[in-house]
Structures are given as structure tokens and as C-alpha cells.
Amino acid sequence: MIIIDERYCKGCSICIHFCPGKALEVSKEVNSRGFYAPKVVDQAECTSCKQCELYCPDFAIFIVEDAESADG
Amino acid sequence: MEHHLLKYLREEILPTTHCPGCGCGQVLNAFVNAIDTLRIDPRGIISVTGIGCSSWIPSPYFKGDTLHTTHGRAIAFATGVKVIRPDSNVVVIAGDGDLAGIGGNHLIHAARRNVGLTVYLVNNYIYGMTGGQVSPTTPFGVVTSTTPYTNAEYPLKIAELVAAAGANYVARWTTYHIRKLIASMEEALQTKGFAFIEIVSQCPVAYGRRVGLRDGVAFMEYFKENSVSVRKSKTMSEEELEGKIVVGRLARRERVEFTESLRKIIEEQRTGTGA
Ligand SMILES: Cc1ncc(C[n+]2csc(CCOP(=O)(O)OP(=O)(O)O)c2C)c(N)n1
Ligand code: SF4
Ligand code: SF4
């Protein structure tokens with residue numbers, strides 16, 4: 001599951017650009033710091049490749065194993 | 001839910017002061033990833049930095065002992081730390097201006113002595129913090145704030161220089177090659193002797209805006225387009241390599257580490273078994 005920590009996001013869009021799926025898009029509204037953070041379009045598009053997590057300069061996006069996929 | 005690497009960071013002062021899309025944060029991310037994979041206790045790491053945006057990568061964000069020193073002198077301080085605390089992991093992170101410019105001689109001679117430091121030089125082609133002045137790694141022909149009519153100097157191939165000086169481990173990667181960079185940072189941390197990675201990184205604000213690379217994404221695409229592997233570079237002429245970024249490992253040796261030799265000499269003199 002993709003988690004976005006909006007507190008840290010500076011709106012650089014690197015995660016959105018390099019996501020090999022189509023899981024992310026730019027929010028229409030600014031976050032509390034005035035930046036356009038990414039928004040999850042579709043969790044099902046995410047392959048948990050962690051490209052976004054590794055590329056993020058601000059620790060603002062990360063992937064957690066969801067309980068369901070851990071069980072199954 | 002929180003990012004699993006926040007445990008290595010001083011959360012209370014995040015986000016970092018770096019500009020949006022700056023590569024400095026990616027280097028910090030890669031660094032803590034490497035530490036996490038190797039299960040190194042951050043309390044055993046002493047990070048030493050100079051002055052500049054890149055020097056703000058571990059300091060103050062990394063939760064470990066940090067020496068934030070004067071411009072160009074990180075390696076001199078780090079050498080002192082390593083001599084006194086040979087068992088600690090001494091890591092230097094600083095910019096091209098700091099390590100290749102004002103501190104260039106310290107770098108060459110620490111590599112020659114093979115001091116057991118891990119050095120990550122963040123090459124963003126510019127003096128970022130002070131507003132985009134030309135640095136020793138700025139490409140030929142580009143406009144910077146101090147070369148308004150284009151740069152007449154050729155850039156230093158700093159990783160090749162450190163390899164020639166005798167370091168035990170030398171590599172170059174860019175922020176685009178993040179997984180390779182993390183693996184290389186791990187190799188450097190495990191190297192006995194001088195380990196050096198030139199990390200080609202983006203400064204969209206003080207450099208990029210003058211050369212048509214206005215954000216982090218544009219820079220990373222540029223790195224992707226213009227990188228060639230060490231292996232491929234060996235089949236290319238100097239002209240063909242013009243403007244290319246050669247990525248990969250450039251040196252690996254097993255020379256004895258400096259402080260180890262020092263301790264051996266001291267021991268021999270103490271016991272009267274030496275020369
Ligand atoms: C002795 C001294 N000279 C000059 C400066 C001004 N100064 C501060 S940072 C810097 C350059 C930083 O460039 P770099 O090391 O490449 O780091 P970056 O900001 O690009 O990451 C300079 C010249 C200083 N602080 N001290
Ligand atoms: S983990 Fe990979 S697929 Fe999922 S959002 Fe991040 S970049 Fe996209
Ligand atoms: S000036 Fe450049 S190097 Fe410094 S924080 Fe901003 S983008 Fe990064």
C-alpha cells in the first residue's frame with residue numbers, strides 16, 4: 001500500500017514521473033506547506049516496486065505491505 | 001503510519017531545508033538505506049561535513065554523531081577522528097566545491113594515505129548554497145553566476161583523480177541510479193581504507209535554472225540519457241565521451257589502511273621490534 005506523508009512533501013513530482021505504473025497523480029489542492037503533493041489514483045496499479053520510496057528526497061512517500069497480501 | 005527509516009533521522013527538524021527536487025535528500029535517503037541494509041548501529045557512525053547544501057545531508061538530520069566543520073576541511077577533521085577512534089565508521093559527505101575545490105588537496109592526500117574514511121562527494125556541478133558560482137566540476141561552456149558569458153574551464157574528473165591517488169574503493173553514480181548507488185554506498189561502508197563515491201546530483205535552483213534543467217525530474221532524465229557504464233566507456237574515444245557521465249566502479253584495491261599501519265609502527269616502537 002502506498003502511504004503519502006504530506007507533512008514532508010515539497011511537490012517535486014519525482015515519484016509521479018518515475019512510477020512505472022499509473023498509481024500516482026498530482027493533487028489538485030495544495031498541502032499544508034503550499035505544495036502540490038502526489039495523490040494515489042489507484043492502489044491496485046501499484047506493484048510495490050518502491051521506486052517512489054527510494055527516489056523521494058523527503059521521506060514523504062513509502063510502501064507498506066498490506067495485511068491481505070502478507071496473508072495471501 | 002511512518003516511514004521505516006525515520007528512526008535514523010531527527011524527525012523534529014524535518015523536512016530538510018533543501019529546495020524541492022534537490023538531490024541532497026535523495027543522497028540522505030540512499031545513505032540511511034545503506035545503513036539499514038547493513039544493520040550498522042548509527043551510534044557507531046561519526047559523520048563529518050564541510051560547508052554547503054551537500055554538507056547539510058547528514059548534519060543536522062542524521063541521528064548520529066556529527067562534526068560540521070569549516071569549508072573544505074571535512075577530510076582533515078575526519079582523518080583526526082579516524083586516528084583517535086579507529087574502530088568507528090567515519091563518513092564524510094560534502095559537495096564538489098568543498099571536497100574538490102577548496103578542500104581538493106586534503107582529498108588527494110587522504111586517498112594517497114589510504115585513510116579509512118568513507119567519502120561521498122555530492123557533485124551538483126556548482127556552489128549551490130552561495131548562489132550558483134562556477135566550481136571545479138562545472139561543465140565547459142555553461143552559464144553560471146560567475147561565468148555569465150559561459151565557462152572557459154574544463155571540469156575535473158574527480159573520481160578518476162581519487163582513483164589515481166590510490167584509494168581502495170572508487171565509484172561514480174548519479175541520483176538516477178538509486179539502487180546501484182545504495183549498493184555502492186554499502187560497498188564503500190564495508191571497505192577498509194579510503195572509499196570514495198562521486199554522486200552526480202541535481203541542483204535545480206542554483207545550477208539547473210541557468211542551463212535549462214529546471215526541476216529534479218528534468219535532471220534525472222538528463223542523467224539517464226547521458227550516463228555510460230565504465231565497461232562501455234572503454235570502447236569509446238575521448239570525443240565520444242565528451243559530456244557523458246561514466247558510471248560504475250573505477251577502482252578496488254586492498255592496500256593496508258593508514259591508521260592500521262600507524263598503530264603497527266607505534267606498537268613496534270613500543271616493544272622495540274621495529275626499525
Ligand atoms: C573559507 C570559506 N570560503 C568561502 C565560503 C563560502 N561558501 C559557503 S558554501 C560554498 C560553496 C559550496 O559549494 P559545494 O561545496 O559544491 O556545496 P553545494 O552547496 O553545492 O552542495 C562557499 C564558497 C565559506 N563558507 N568559507
Ligand atoms: S511502489 Fe512503484 S508502482 Fe507503487 S506507487 Fe511507488 S513507484 Fe508506483
Ligand atoms: S541551492 Fe541547489 S543544492 Fe542547494 S538546496 Fe537548493 S537545489 Fe539543493
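Rules used throughout
Residues numbered from 1 in each chain as written. Chains lettered and ligands numbered in written order. Predicted model: local features only at pLDDT ≥ 70, side-chain atom pairs only at ≥ 80, totals over all residues. Heavy atoms only, no water. pLDDT = per-residue confidence, 0-100. Contact = heavy atoms within 4.5 Å. Buried area = accessible area lost by both parts, 1.4 Å probe. Salt bridge = Lys/Arg side-chain N within 4 Å of Asp/Glu carboxyl O. Helix = DSSP H or I, 4+ residues; strand = E, 2+ residues; numbered from the N terminus. Nonpolar A, V, L, I, M, F, W, Y, C, P; charged D, E, K, R; others polar. Pairing = 2+ DSSP bridges. Axes fitted to C-alpha atoms, helices over the stretch in contact; angles between N-to-C directions. Near = heavy atom within 4 Å. Polar contact = N/O pair within 3.5 Å; in protein donor to acceptor, adjacent residues only side chain to side chain. Areas by Shrake-Rupley, 256 points an atom, 1.4 Å probe, with all protein chains shown as cover.

## What to know about the confidence of the model for chain B
Taken as a whole, chain B shows an average pLDDT of 97; of its residues, 100% reach a score of 70 or greater. The ipTM, which scores confidence in the relative placement of chains, is 0.95 for this predicted complex, and the corresponding pTM is 0.97.

## Remarks on the interface of chain B and chain A
The partner chain A presents 24 residues to the 33 residues of chain B that form the contact. Carbon and sulfur atoms supply 65% of the area buried between chain B and chain A, which totals about 2400 Å² over both sides. Arg 7 of chain A is the salt-bridge partner of Glu 2 of chain B, the closest N and O atoms lying 3.6 Å from each other. Residue assignment for the side of chain B that touches chain A shows that the elements contributing at least two residues are helix 1 (23-38), helix 6 (178-190) and helix 8 (216-226) of chain B. When residues in the side of chain B that touches chain A are grouped by element, the largest group, six residues, is from helix 1 of chain B. Broken down by class, the residue content of the side of chain B that touches chain A amounts to 16 nonpolar, 13 polar and four charged.

## With respect to the sheet that holds strand 10 (residues 245-252) of chain B
Residue and element names in this part refer to chain B. With mixed pairing, the eight strands of this open sheet are ordered in space as 2-1-3-4-8-7-10-9. Both outer strands of the open sheet, strand 2 (65-68) and strand 9 (227-229), are each paired with one neighbouring strand and no more. Strand-to-strand, the axes of this sheet are offset by a mean angle of 20°, without reference to chain direction. Two strands pair when backbone bridges link them, and strand 1 (residues 45-49) and strand 2 are joined in this way by four bridges, in the parallel orientation.

## Focus: the environment of Tyr 8 of chain A
Mapped onto the fold, Tyr 8 of chain A is located in the loop between strand 1 (2-4) and helix 1 (14-18). In sequence terms Tyr 8 of chain A and Phe 59 of chain A are 51 residues apart; their C-alpha atoms lie 6.9 Å from each other.

## Let's talk about the site of ligand 1
Residues and elements named next belong to chain B. Inspection of the region around ligand 1 gives 16 residues, with Cys 53, Ser 54, Gly 97, Asp 98 and Gly 128 positioned closest. Between ligand 1 and Cys 53 there is a distance of 2.8 Å, counted from an oxygen atom to a backbone nitrogen or oxygen. At 3.0 Å, a side-chain N or O of Asn 124 approaches an oxygen atom of ligand 1. Notes on ligand 1: free accessible area 600 Å², of which the protein chains cover 72%. Mapped by element, the contributors of at least two residues to the shell around ligand 1 are helix 3 (96-102) and strand 5 (126-127). Sort the elements by how many residues they give to the shell around ligand 1 and helix 3 lands first, with four residues. When the residues that make up the shell around ligand 1 are grouped by side-chain class, the tally is six nonpolar, eight polar and two charged.

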